[in-house]
Amino acid sequence: MTPLNESPAFQNTPATPPRRPTARFMLAHPAHLVALGFGSGLSPVAPGTAGTLWAWLAFVVMAPWLTALQMGLLIAASLLLGVWACTVTAKNMGIADPGSIVWDEVVAFWLILWLVMPVGWWGQLAAFVLFRFFDAVKFGPTAWADRTFKGFGWRGGFGILLDDLAAAFCTLLVIAVWRFW
């Protein structure tokens, strides 16, 4: 009998060797489509920024059609969907936290916009710039989340989302201080 920690379900290894995603890869599995931000993660330059821009556009398009409660429920469901999608896609790519997985940026930026609205274009731009800064620099809680939850399996999928949620928290904290003063 194989010891529990040696069974395939508990191994911290990818299913395949590392690969760069393509449109074909993205369309091969629904999790890939979601995790790669419906194609925004395929950007050859700054896929995280491309994913955040896609999130901003998607939010602006959805906002008139959804109540605040519906948007909150969509974000909550997207977080759960994201753990699954990021876990499957990272494993299939063979990389613990590939830059082309942008669903973490999408959900985190939706959360930011949901909590700061209503703000005008300049307020949304400030939120975008702050979020991209905190996501790229990765210090404090963002660095902790990025370091602590690495690997393959649900822990890795959760970790992919967690560091961006920490960046969203930092962004919201700066915006709250800014509004207070």
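What you are looking at is a predicted structure, and each value in this text was computed from that prediction instead of being measured.

Colleague: How should I be thinking about the overall build of the protein in this particular structure?
Modeller: The helix and strand tally for the protein stands at eight helices and zero strands. Traced from its N-terminal end to its C-terminal end, the protein shows the element sequence α-α-α-α-α-α-α-α. Taking all 181 residues of the protein together, the buried fraction comes to 43%. When contacts within the protein are restricted to residue pairs at least 6 apart in sequence, long-range pairs at least 24 apart make up 74% of them. Here the protein displays about 9700 Å² of accessible surface, and carbon together with sulfur accounts for 73% of that area.

Colleague: In this structure, what is going on with the nonpolar core? I would like to understand it.
Modeller: One broad trend across soluble globular proteins is that nonpolar side chains are buried collectively. In this structure, Ile101, Trp103, Phe109, Trp110, Ile112 and Phe131 are the most contacted members of the largest nonpolar core, which totals 36 residues. Secondary structure elements with two or more residues in this core: α1 (23-27), α2 (30-35), α3 (47-62), α4 (68-93), α5 (103-116), α6 (121-137) and α8 (154-180). When residues of this core are assigned to their parent elements, the largest contribution, nine residues, is made by α5. Among all residues touching Phe131, those that are not within four sequence positions of it are Thr52, Glu105, Ala108, Phe109, Ile112, Asp164, Ala167, Ala168 and Thr171.

Colleague: Teacher, can you tell me more about the environment of Val102 here?
Modeller: Of note, Val102 is situated in the loop between α4 and α5. Along the primary structure Val102 and Val34 are separated by 68 residues, whereas in three dimensions their C-alpha atoms are 8.7 Å apart. Dropping the residues within four chain positions of it, Val102 is found in contact with Ala35, Leu36, Gly37, Ser40, Gly41, Pro47, Gly48 and Gly51.

Colleague: Got a minute to help me understand α6 in this structure?
Modeller: Since one α-helical turn is 3.6 residues long, residues separated by three or four positions face the same way. Compared with the 24 Å implied by 1.5 Å per residue over 17 residues, the 24 Å span of α6 between its first and last C-alpha is a close match. Listed in full, the buried residues belonging to α6 are Gly123, Gln124, Ala127, Phe128, Phe131, Arg132, Phe134 and Asp135. On an axial view of α6, the arc spanned by its buried residues comes to 165°, and they lie on one face. In α6, the exposed positions that point more than 90 degrees away from the buried face belong to Trp122 and Ala136. Directly after α6, the chain includes Lys138, whose backbone phi takes a positive value near 50°.

Colleague: Can you help me understand the packing of aromatic side chains in this one?
Modeller: Pairs of aromatic rings are described using the distance from one ring centre to the other and the angle between the two planes. What the rule picks out here adds up to 13 aromatic pairs. Ring geometry for Phe109 versus Phe128: centroids 6.0 Å apart, planes at 85°, classification edge-to-face. One end of the pair, Phe109, is in helix α5; the other, Phe128, is in helix α6, and 19 residues separate them in sequence. An identical accessibility class is assigned to Phe109 and Phe128; each is buried. Three or more aromatic residues link up through ring pairs in this structure, and these residues are Trp56, Phe109, Trp121, Trp122, Phe128 and Phe131.

Rules behind the numbers
Residues numbered from 1 in each chain as written. Predicted model: local features only at pLDDT ≥ 70, side-chain atom pairs only at ≥ 80, totals over all residues. Heavy atoms only, no water. Helix = DSSP H or I, 4+ residues; strand = E, 2+ residues; numbered from the N terminus. Buried < 20%, exposed > 50% of the residue type's maximum accessible area, 1.4 Å probe, protein only. Contact = heavy atoms within 4.5 Å. Areas by Shrake-Rupley, 256 points an atom, 1.4 Å probe, with all protein chains shown as cover. Core = buried A, V, L, I, M, F, W, Y, C linked by side-chain atoms within 4.5 Å. Expected span 1.5 Å × (residues − 1). Arc of directions from axis to C-beta. Phe/Tyr/Trp six-rings, centres within 6.5 Å; stacked < 30°, edge-to-face > 60°.

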